[in-house]
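# Breakdown of the fold
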Amino acid sequence: MDLNYSPEQLMLKESAARFLSEVSSFEFRRQIIASEAGMDEEVWRGFAELGWLALPFAEENGGLGCGPVEISLLMEEMGKALVTEPFLASVVLAGGLLERVGSAEQRERVLTPLIAGMSRPALAHMERETGSDLGCIATQAVRDGNGYRLYGRKALVLGGASSDTFLVTARLDNEIALFLLPAGAEGLARKTVRLVDGSRACDLMLDSVRVDEQDLVSARGGVLPEIEAAYDRATAALAADAVGCMDALLAATITYTKQRVQFGQPLANFQALQHRMAEMAVKCEEARASALLATLSVDAPRTIRIRAVSGAKAKVGRASRHVAQEAIQLHGAMGYSEEMPVGSWFRRLYAFENSFGSTAEHLARYGAIVRDPAVLAGGLLREPEAY
Amino acid sequence: MDLLLTQEEIAFRDEVRAFLEAELDHDLRRAERLNPSFVAYPEVGRKWQAKVAKKGWAAPAWPKEHGGPGWTLAQRYIFDQECERAGEPNFRGASIKMIAPVLMRYGTEEQKRFYLPRILSGEDLWAQGYSEPGSGSDLASLKTKAMRDGDHYVVNGSKIWSTLAHHSTRMFALVRTSDTGKKQEGITFLLIDLSLPGISIRPIRSICGTHEFNQVFFDDVRVPVADRVGEEGQGWEIAKYLLEFERGGSFAGGALRALHSRLLKLASEPLPDGRRMIDDPVFAVRFAEIATDIDANDMLELTAMSKVQAGGNPGSVPSSTMKILRSRIRQAIAELAASILGRDALRWEEHRPLHELPEEPEIEEERKVASALYFNSRSQSIFGGSNEIQLEIIARTLLR
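Residues numbered from 1 in each chain as written. Chains lettered and ligands numbered in written order. Predicted model: local features only at pLDDT ≥ 70, side-chain atom pairs only at ≥ 80, totals over all residues. Heavy atoms only, no water.

## Thoughts on the side chain of Ser90(A)
Mapped onto the elements of the fold, Ser90(A) is located in helix 5 (residues 87-101). Every residue in contact with Ser90(A), bar those within four places of it in the chain, is listed here: Trp44(A), Gly95(A), Leu114(A), Arg120(A) and Pro121(A). (Helix = DSSP H or I, 4+ residues; strand = E, 2+ residues; numbered from the N terminus. Contact = heavy atoms within 4.5 Å.)

Here it is as structure tokens:
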């Protein structure tokens, strides 16, 4: 057991913070989210140059072979910097899934341009009706000669507004199969959706979209557990993003109350407010601890993974709501305006709470596991064989 | 970075489990289950301490030279987890965890040689003498006076909330030796034999019905100067050292998990009307939320431990966070457990200790102690630096 970050990991965090503070000021972010694309191509190229787009992928796939800890460090900084470029959607979610289920040819085809910053894949799995049961999708794949035709609708495809490649799930002979589609495929209609945190997603309509056999990524049972694992990895990463937002909100609140003078003294002099900020710090620490557990468990067996990831989603969700609301309150009317970044972090955390399953859904998923007395009584340290 | 046990740690864990399986008998476990307090009944604690001491494990944090096992932090963590899961009586209070590290750090060779073995064997039981009727959170304002008179200090005043002082042989106390200068600088650390003339002890029963606290009065009590720890005026520094010492090495996760497991058992049993609380959606939400809090606390403990292992300091914000979080978790569990009782919550068993009563089925006994556990849990956010003091510490760090 060791929970200390390595010097390399701390350097990554520091360089990420430095880079993002240079390229992603609050003013810049306001312009970006007001723009058509909701993201900046130059920032994305910066990610590629820094190697961030290669981070989680194995060396044999052209990646850097880093793990979830490095991803979480980047995500924390991206949360702080209010990044809207689809790193989570393209690299962690879509790229991460394809690396695990794609053939060598498909990995080469998708991951190489992704790592180079030339392509952004997006996972199109969830539909309007998909709730906590990830298997609940209606999109159909019908055999058509030596290929398939896809029919259906996908809702809120993260990173989908600017992606050139979709990983689309559909029912094929009553199993869930995964297909690769270019964004320009005939019969594929994309509608950009603006999200509450300023980023962009899309809805997809698939009307007899033709797919070749070579674009079938995976079928026959195996893909749904992989999709679930991919969402869990993304959820853990997003929890780190949320922790970054919480830290930023606390820091902003401290700065603000130190310089805002009322009744002849800085607000930070009032004990009633000091204790509320201290309570925010308590919630930040708790959330950080939970998020780290999720990060360190995404590659563990399913029960351990779910317990850590859903536990963190629920815990960070609850803690982040407290911190976000308190930050607004302690900023007073200024916190309620769009002119200060507080509101942006507030909305980003609201998006966190409602991404990849709500706080309540994850609490239920977690609760079903810890109701087992053996799981509840067992601590968090585990035997290496558990992997 | 990982959460993995090494092969040696797994072997160690199994050895601890085997020991507990063999030695922690039914009566000891039952006595602890029926104990609403955070410390074991002295006779129960002594019985268990004797068994653990025979194995050489009575003082997990002590180095080998003083008769401890010389364990790593990870071993101590595992040991604590296993003991708590098994439901051991908690006897390692003020003696093993508080005064012993102080003596090891600040005591003279003679003090170490005399006192440490007596602590290890259970011959001496120590009480803490910090708080006073007029000095709680503002501890440095303490007024119990120690006037130098030749080779003795003459002590006058009163200490309060001294846990188990009525069973203790000795007390370590912060006393005032000077009224000039900063109030912290006039404080001295004394070891006081509780059998000395001039000492009287008044019991204070807590709302959980148990006598654990006391007020101790000193009326011209003559304490040898040889029983001073450190220099005159060094008492505050020593008290602070003890707080620091606890950081990164005090674990509550095992105890919290054990309490939550008991709650799960209680909630899984059908109530008189046939319902099971664990099937109640509102209950299930609270139950799961508390479990996420316990996981977070565990991660905070492991993080602090990792920092200490790497030669660092966990820092005041995480340390105070843990203190607050742990108290809230204990209180939340106790409250939720008591909420299961329904009208039975009105029944009150006055007899103490509860384990002297005729044995009943485990669930009935859990129901019998639940109210008292809830009442007792309210102390968690008060002692050892109240939650308000912890928030104060955090705020001072944040707003520096």
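## As for the domain arrangement of chain B
All names here are of chain B. Segmentation of chain B into domains returns domain 1 (7-92), domain 2 (126-233) and domain 3 (252-399). Listed per partner, the contact involves 19 residues of domain 1 and 28 residues of domain 3. When the two sides are added together, the surface that domain 1 and domain 3 hide from each other amounts to roughly 2,000 Å², 59% of it contributed by carbon and sulfur. The tally of links between domain 1 and domain 3 comes to three salt bridges. Counting across the domain 1 and domain 3 interface gives five residue pairs in polar contact (both at pLDDT 80 or more). Elements represented by at least two residues in the side of domain 1 that touches domain 3 include exactly helix 2 (26-33), helix 3 (42-55) and helix 4 (73-86). (Domains from an automatic or database assignment. Buried area = accessible area lost by both parts, 1.4 Å probe. Salt bridge = Lys/Arg side-chain N within 4 Å of Asp/Glu carboxyl O. Polar contact = N/O pair within 3.5 Å; in protein donor to acceptor, adjacent residues only side chain to side chain.)

## Examining the interface of chain A and chain B
With 48 residues of chain A in contact, the opposing surface of chain B contributes 51 residues. For the chain A face of the interface with chain B, the top three residues by lost area are Met1(A), Arg371(A) and Leu376(A), together amounting to 16%. For the interface between chain A and chain B, the tally reads seven salt bridges. Here Glu289(B) makes a salt bridge to Arg318(A), at a shortest N to O gap of 3.9 Å. Between chain A and chain B we count 23 residue pairs in polar contact (both at pLDDT 80 or more) in total. Elements with a minimum of two residues in the side of chain A that touches chain B: helix 7 (223-259), helix 8 (271-295), helix 9 (302-331), helix 11 (359-370) and helix 12 (373-377) of chain A.

## Quick notes on empty space enclosed by the protein
If you roll a probe as big as a water molecule over the atoms, it shows you where there is empty space left. Inspection of every chain in the model, using the stated rule, returns one cavity of 30 Å³ or more. Here the largest cavity defines a volume of roughly 40 Å³. Sorting the residues of the lining of the largest cavity by element identifies helix 8 and helix 9 of chain A together with helix 9 (281-309) of chain B as the ones contributing at least two each. Tallied by class, residues from the lining of the largest cavity come to three nonpolar, three polar and two charged. (1 Å grid on protein atoms, 1.4 Å probe; cavity = no way out; pocket = protein on both sides within 12 Å on 5 of 7 lines; lining within 4 Å. Points joined across faces, edges and corners; volume = space filled by probe spheres on them. Nonpolar A, V, L, I, M, F, W, Y, C, P; charged D, E, K, R; others polar.)

## Focus on the packing of helix 4 (residues 68-80) of chain A against helix 7 of chain A
Residue and element names in this part refer to chain A. Across the interface, helix 4 lies against helix 7 with an axial gap of 7 Å and an inter-helix angle of 40 degrees. One way to sum up the angle between helix 4 and helix 7 is to call them oblique. Like other packed secondary-structure pairs, helix 4 and helix 7 cross with a definite hand, here right-handed. For the pair helix 4 and helix 7, contact is made by Ile-71, Ser-72, Met-75, Glu-76, Met-78, Gly-79 and Lys-80 and by Ala-237, Leu-238, Ala-240, Asp-241, Val-243, Gly-244, Cys-245, Asp-247 and Ala-248, respectively. Within the contact of helix 4 with helix 7, the residues separate by chemical class into nine nonpolar, three polar and four charged. (Axes fitted to C-alpha atoms, helices over the stretch in contact; angles between N-to-C directions. Parallel < 35°, antiparallel > 145°, perpendicular 65-115°, else oblique. Left-handed = near helix turned anticlockwise from the far one by under 90°.)

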